[in-house]
Amino acid sequence: MPSRQIVERQPRMLDFRVEYRDRNVDVVLEDSCTVGEIKQILENELQIPVSKMLLKGWKTGDVEDSTVLKSLHLPKNNSLYVLTPDLPPPSSSSHAGALQESLNQNFMLIITHREVQREYNLNFSGSSTIQEVKRNVYDLTSIPVRHQLWEGWPTTATDDSMCLAESGLSYPCHRLTVGRRSSPAQTREQSEEQSTDVHMVSDSDGDDFEDASEFGVDDGEVFGMASSALRKSPMMPENAENEEEALLQFAAEFSSRYGDCHPVFFIGSLEAAFQEAFYVKARDRKLLAIYLHHDESVLTNVFCSQMLCAESIVSYLSQNFITWAWDLTKDANRARFLTMCNRHFGSVVAQTIRTQKTDQFPLFLIIMGKRSSNEVLNVIQGNTTVDELMMRLMAAMEIFTAQQQEDIKDEDEREARENVKREQDEAYRLSLEADRAKREAHEREMAEQFRLEQIRKEQEEEREAIRLSLEQALPPEPKEENAEPVSKLRIRTPSGEFLERRFLASNKLQIVFDFVASKGFPWDEFKLLSTFPRRDVTQLDPNKSLLEVKLFPQETLFLEAKE
């Protein structure tokens, strides 16, 4: 006979999440272990004796401690909870303090939509009620509150008016599952199959449309109409041409829907937003945040009301960002923005936004201005939390701050170089002006000298012409031996030289003046003086003869310049 090979079955690992009051304990065991072994682990973790512990949540009902897990045919992931009816509850004072602390905390609810297998991460404050969660889930899933079938709520969450802080949710995260209860029969069938599991079917008193089906109207349609009625007008006019008017309507409609605590939206074109954020001095620059809205996305209301309108986000954006917005709900407005995006950020970014599905909106684009282009630092989708959004904004701000410091340094160095250059240019300009002034003064001086030289030459030429005419007009010098009486005059010039000439005693004194002038000493510039007696001959009557003025038979005279 052929030998048989015995294949040993590998043990299967099972995951258990066990809830007890405000605690969760994760336990991982092989399916060959017993229920009692789970309780022993919980005894160490929770400090609760096994004898005081009731472990609930088994799909097959209550089980014995000796039951082997493999015999229960459990799935890999299981949720259980512990009851301790014999143990007193925590003191009221400590409970009140813990409750107050929980009210100030934010709970992350990871909600799985069963039918479409989609997961939503929603952030709620501890003071929010279960009813508010269900209303928000209706916005996301279109399942009316009364038709919502829940799994995962703690056993203490028995009333929709209860706030999350006192409902027993795990902090900081808690997983829930929601589906549509399509008919009472199906709901009863699910209840029978999972009678011991933790289910929570909504029975909100706030559902005023309980009997809507009697009138042939589905609850989802009624609630859809109610939700649409809140949107009295679109965020932007269709095919918006004037960006400023479109953004004025956007800001007004946003305030109408979500309240006045929201980011300050820049009113103007995208180019104007660039100018405001980037094209200023490096110290005054900011990041640009572009919010892309879409009314058809299931995430829009939650993102706007809980993330974008959170005080911490609003404050951080106002201090560090210029926030610009656009509504992509209408195809014409979407096409217009994609054109702007392609022009300013390039085809890659435009294609990224073009391929985003409706349920991935809203989008938050973080833009940093560069020297040659605008860089998209981050694209934040609507499926986020306040903390994650803040972290991503701060991360972008760190990158921007580092770049800004470099830009400030470069700008300061550039301004210093430009100041030095301006000073050098100014000094050079002043030097040129001084050189030009000197040159012009020299030219004026040379021109004046030339003019004076010309005048002097003209005067000399004129004097020379006068001298020559006087010289030519003089009567000839008489000889020493002459029939008529002769007067011999000896005239000393200012330079010490002597002019000697004979004149007839009957010659007029003017002829002597003309002689002296013909030698370069005009009588209007020089005085002709006699020594004994001293007298100014030029003051005498020039028409008298030499004999009459007593310059006969000889006389020594000297020339002296007039003052």
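Values in this document were obtained by computation on a predicted structure and should not be read as measured data.

Caption draft 1: Molecular detail of the pattern of salt bridges. Applying the stated criterion across every chain yields a total of 30 salt bridges. Taking the shortest distance from any N to any O, the salt bridge between Arg 451 and Glu 448 comes out at 2.5 Å. Of this pair, Arg 451 and Glu 448 are both found in helix α12 (residues 386–473), 3 residues apart, which corresponds to roughly one turn of the helix. Among the residues examined, Arg 451 registers a relative accessible area of 41% and is labelled partly exposed. Overall, Glu 448 belongs to the partly exposed group, its relative accessible area being 33%. Bridged by salt links that share partners, the residues Glu 253, Arg 257 and Asp 295 form one connected network.

Caption draft 2: Highlighting the nonpolar core. By size, the foremost hydrophobic cluster in this structure holds 81 residues, and its most contacted members are Leu 288 and Trp 324. Considering every element that reaches this core, the biggest residue donor is α12, with 7 residues. Core analysis: the next-biggest nonpolar cluster, separate from the first, contains 21 residues, Val 25, Val 35, Ile 38 and Trp 58 among them.

Caption draft 3: Looking closely at the packing of aromatic side chains. Counted under the stated rule, the structure contains 19 aromatic pairs. Residues Trp 150 and Trp 153 carry aromatic rings whose centres are separated by 5.5 Å and whose planes lie at 65° to one another, so their mutual orientation is edge-to-face. Trp 150 sits in the buried class, given a relative accessible area of 0%. Between the aromatic rings of Phe 250 and Phe 254, the centroid separation amounts to 6.1 Å while the plane-to-plane angle is 25°, which identifies the pairing as stacked.

Caption draft 4: Layout of the sheet that holds strand β12 (residues 363–369). Read from one edge to the other, the open sheet built from 4 strands follows the order β11-β10-β12-β13, with strand pairing classed as mixed. Of all strands in the sheet, those bounded by a partner on one side alone are β11 (321–327) and β13 (374–381). Across the sheet, the axes of successive neighbouring strands diverge by a mean angle of 20°, strand direction being ignored. Here strand β10 (residues 287–293) runs beside β11; their pairing, made up of 7 bridges, is parallel. Residue pairing across strands places Tyr 291 opposite Ala 325, the latter belonging to β11. Strands in contact with helix α7 (residues 270–277) are β10, β11 and β13; relative to β10, the strand with the most contacts, it is inclined by about 150°. Packed onto the sheet, helix α10 (residues 331–345) meets β10, β11, β12 and β13 and runs at close to 140° relative to β11.

Caption draft 5: Representation of the packing of α10 against helix α11 (residues 347–354). Closest axis-to-axis distance for the α10/α11 pair is 7 Å, and the angle between their directions is 150°. By the angle class used here, α10 and α11 are roughly antiparallel. Packed against α10, whose contacting residues are Arg 334, Phe 337, Leu 338, Cys 341, Asn 342 and Phe 345, the element α11 presents Ser 347, Val 349, Ala 350, Ile 353 and Arg 354 at the interface. When grouped by side-chain class, the residues that make up the contact of α10 with α11 number 7 nonpolar, 2 polar and 2 charged.

Calculation notes
- Residues numbered from 1 in each chain as written.
- Predicted model: local features only at pLDDT ≥ 70, side-chain atom pairs only at ≥ 80, totals over all residues.
- Heavy atoms only, no water.
- Salt bridge = Lys/Arg side-chain N within 4 Å of Asp/Glu carboxyl O.
- Helix = DSSP H or I, 4+ residues; strand = E, 2+ residues; numbered from the N terminus.
- Buried < 20%, exposed > 50% of the residue type's maximum accessible area, 1.4 Å probe, protein only.
- Core = buried A, V, L, I, M, F, W, Y, C linked by side-chain atoms within 4.5 Å.
- Phe/Tyr/Trp six-rings, centres within 6.5 Å; stacked < 30°, edge-to-face > 60°.
- Pairing = 2+ DSSP bridges.
- Axes fitted to C-alpha atoms, helices over the stretch in contact; angles between N-to-C directions.
- Contact = heavy atoms within 4.5 Å.
- Parallel < 35°, antiparallel > 145°, perpendicular 65-115°, else oblique.
- Nonpolar A, V, L, I, M, F, W, Y, C, P; charged D, E, K, R; others polar.

All we've got here are geometric facts, nothing functional implied.
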